[in-house]
Amino acid sequence: MRILTASDRSLLVEAADLDEAMRLNLAWDGTPGVVERIPGARTVLVRFDPVRTTAASLAAVLSATVVDAEHVPHTSAVTIPVQYDGEDLAEAAALLGVSAEELVNRHLAAHWQVAFSGFAPGFGYVVGNDPLFDVPRRSSPRTRVPAGSVALAGAFTGVYPRESPGGWQLIGRTDAVMWDIDRDPPALLAPGTSVRFVASREAVSAAEPVEASAAQGMPRGRHAPADLRSAPARPDASSPETSLAPLGSADESSNGALSEPKPSSLTRPRPAIEVIRPSLQLLVQDLGRPGHAALGVSASGAADRTAMRDANRAVGNAPGAAVLESVGGPALRFHGDGVAVVTGATGDITLTDADGVTRSIPHGLPFATVSGDELALGHPAQGLRYVIGVRGGIDVDAALGSRSSDTLAGLGPAALAAGDIVAIGDAAVAAVDPVPQPRDLPASGDLVELAITLGPRDDWFTASALETLTTQEWLVTPRSDRVGIRLHGEVPLERETPGELPSEGAATGAIQVPPDGQPVLFLPDHPLTGGYPIIGAVTDRCLDLAAQLPPGARIRFRIEGARS
């Protein structure tokens, strides 16, 4: 195997083929220091904790792994009923040189197994034993693929767990629920699962019961609207492995996961925050939900972790308490008395009391709030994202142990809108502790240096492209959000190797390069897997600064460390 640097906290291990990648992924379960593994078509991305191990030590352990099994063991089994009436069924059959009837019959007869997850929670890449199935993607991806669509691409079958863009060939549809946050495990198709497709008229009998829903594969239950809502169409998105466009805010149509204050006959009503005016994007965030890559779920979490930790320390909360993360200046009203703070981006901060008296609030200094007080934040003068912390933390429903909103996956609470009310919890554990000094964050037009590591696919680019990467200034464009920062340079990065990669894992901070040569710097809500080559990755200590880059800021990359 070949082991490559994927970031300063992750390695990419190349396997001989898909089967070996699946076996290696299972073999490394419980390896000391490993935080998460993201298997791909011929690779496994291994994220590690630098406190517990080093890249060199981990690489030695991984390279010594011996896998003797001829086939990957099945971890569970499911049966999925399919109505074979997809829009691309005839075209896919023609591409394979068979009739539509033969394609369906061979799809039903093949033995299928989930190789890996990615793209969205519950999306499994299912590989079969029939060599017929090697189907090219659509030349023009759809902007909207309905949830429950059964599709082919390359050697894989996939079922779209939610409405999304995609470039796979649609051959049918199912009512089976691919993702249900209230189910254990939430993903029906986890790596190693044996899958049997049956025509929908047949009876369903599976080792693990398949829950069906008439609502296009949406999970039933009170959490469905907020935990797995439909995403807006992304007109120029491509296939699941490579979709990242256009970047935009999350769907704000549902606030079902928001906890509202519940008065008690024995106590005063819980303190809460009401949104008077939302910003461009106002989200609940905490430290995220790492460790769920096997379900197709990224860690997500606060884009600027330093600002979140500063806010929680300032108001005496536990470090991981939930906060509000705002792009732009919102206006909030406090219900009940408490303590709050604003960190992250800097700008005008004012507090107006019930009598209409307004005063300025210093950045990073905790301040008392009285019921009826209104907090207003101006457009940031430096940085991009404000963080608003309150003593006790924001209390909304958790999804997979986290209150974070994942804007790409549609997981967690929806973006806050005018009139929404969120309760304040009881996460306070210490006395207030003001932030000593605001950080020096960039304004539009400023030049910022970010440290990067090269790899894992820098060898896909020309020598001049590698020089351009570090000598040219890159402009932060307005088409940027929590998924990634779209950059623009006068000279695009030229590839040595054309085409796309087989789908492989991507780390937060990865610099992915689409065919146009203009990089995308991945932020917390990025897709787990991708098919465009990654030339390098921003180091972990620079990620918080990257998250505060406003449109118009400029970046210069500096290589740090040697490539493995």
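Heads up: the structure comes first, above all this text.
Residues numbered from 1 in each chain as written. Predicted model: local features only at pLDDT ≥ 70, side-chain atom pairs only at ≥ 80, totals over all residues. Heavy atoms only, no water.

Draft legend 1. The arrangement of the pairing of strand 22 (residues 374-377) in detail. Because side chains alternate across strand 22, one face comprises the buried residues Leu-375 and Leu-377, and the other comprises Glu-374 and Ala-376, none of which is buried. Of the pairings in the sheet, the one linking strand 17 (residues 331-335) to strand 22 comprises three bridges and is antiparallel in character. Bridging from a neighbouring strand, Arg-333 pairs with Glu-374 of strand 22. Note that strand 19 (residues 349-352) and strand 22 share four bridges and pair antiparallel. Within the sheet, the bridge partner assigned to Thr-350 lies in strand 22 and is Ala-376. (Buried < 20%, exposed > 50% of the residue type's maximum accessible area, 1.4 Å probe, protein only. Helix = DSSP H or I, 4+ residues; strand = E, 2+ residues; numbered from the N terminus. Pairing = 2+ DSSP bridges.)

Draft legend 2. Main features of helix 7 (residues 463-471). Listed as buried for helix 7 are Ala-465, Thr-468 and Leu-469. Angular distribution of buried residues about the axis of helix 7 spans 105 degrees; they occupy a single face of the element. Exposed residues pointing more than 90 degrees away from the buried face of helix 7 are listed as Ala-463 and Glu-467. The secondary structure elements touched by the buried residues of helix 7 are strand 26 (447-454), strand 27 (474-476), strand 33 (534-538) and strand 34 (554-559). (Arc of directions from axis to C-beta. Contact = heavy atoms within 4.5 Å.)

Draft legend 3. Structural view of the packing of aromatic side chains. Inspection of the entire model under this criterion finds eleven aromatic pairs. When the centroid spacing of 4.4 Å and the interplanar angle of 15 degrees are considered together, the rings of Phe-116 and Tyr-125 count as stacked. Of the residues examined, Phe-116 reaches a relative accessible area of 0% and is grouped as buried. You can call Tyr-125 buried: its relative accessible area is 0%. Look at Phe-119 and Tyr-160: their rings are 6.1 Å apart centre to centre, the planes differ by 80 degrees, and that puts the pair in the edge-to-face class. In this pair, Phe-119 sits in the loop between strand 6 (112-117) and strand 7 (124-128) while Tyr-160 sits in the loop between strand 10 (156-159) and strand 11 (164-166), placing the two residues 41 residues apart along the sequence. (Phe/Tyr/Trp six-rings, centres within 6.5 Å; stacked < 30°, edge-to-face > 60°.)

Draft legend 4. Here's a closer look at the layout of surface pockets. Each pocket or cavity is described by its volume, and for the largest pocket that value is around 780 Å³. For the largest pocket, the lining is made up of 35 residues, of which Arg-47, Ala-299, Arg-305, Thr-508 and Asp-540 are closest to its centre. Elements that contribute at least two residues to the lining of the largest pocket include exactly strand 3 (34-39), strand 4 (43-48), helix 6 (305-315) and helix 8 (543-547). Residue classes in the lining of the largest pocket are distributed as 18 nonpolar, seven polar and ten charged. (1 Å grid on protein atoms, 1.4 Å probe; cavity = no way out; pocket = protein on both sides within 12 Å on 5 of 7 lines; lining within 4 Å. Points joined across faces, edges and corners; volume = space filled by probe spheres on them. Nonpolar A, V, L, I, M, F, W, Y, C, P; charged D, E, K, R; others polar.)

Draft legend 5. Local environment of the sheet that holds strand 16 (residues 323-327). Strand order in the open sheet formed by five strands is 15-16-23-18-21, and the pairing between neighbours is antiparallel. The sheet is open, and its two edges are formed by strand 15 (281-285) and strand 21 (367-369), each paired on a single side. Sheet twist, expressed as the mean angle between neighbouring strand axes with direction ignored, is 30 degrees. Of the strand pairs in this sheet, strand 15 and strand 16 are connected by five bridges, and their pairing is antiparallel. Paired with Leu-283 across the bridge in strand 16 is Glu-325. Contacts between helix 6 and the sheet are confined to strand 15, strand 16, strand 18 (338-346) and strand 23 (382-390), with strand 18 contributing the most and set at about 155 degrees to the helix. (Axes fitted to C-alpha atoms, helices over the stretch in contact; angles between N-to-C directions.)

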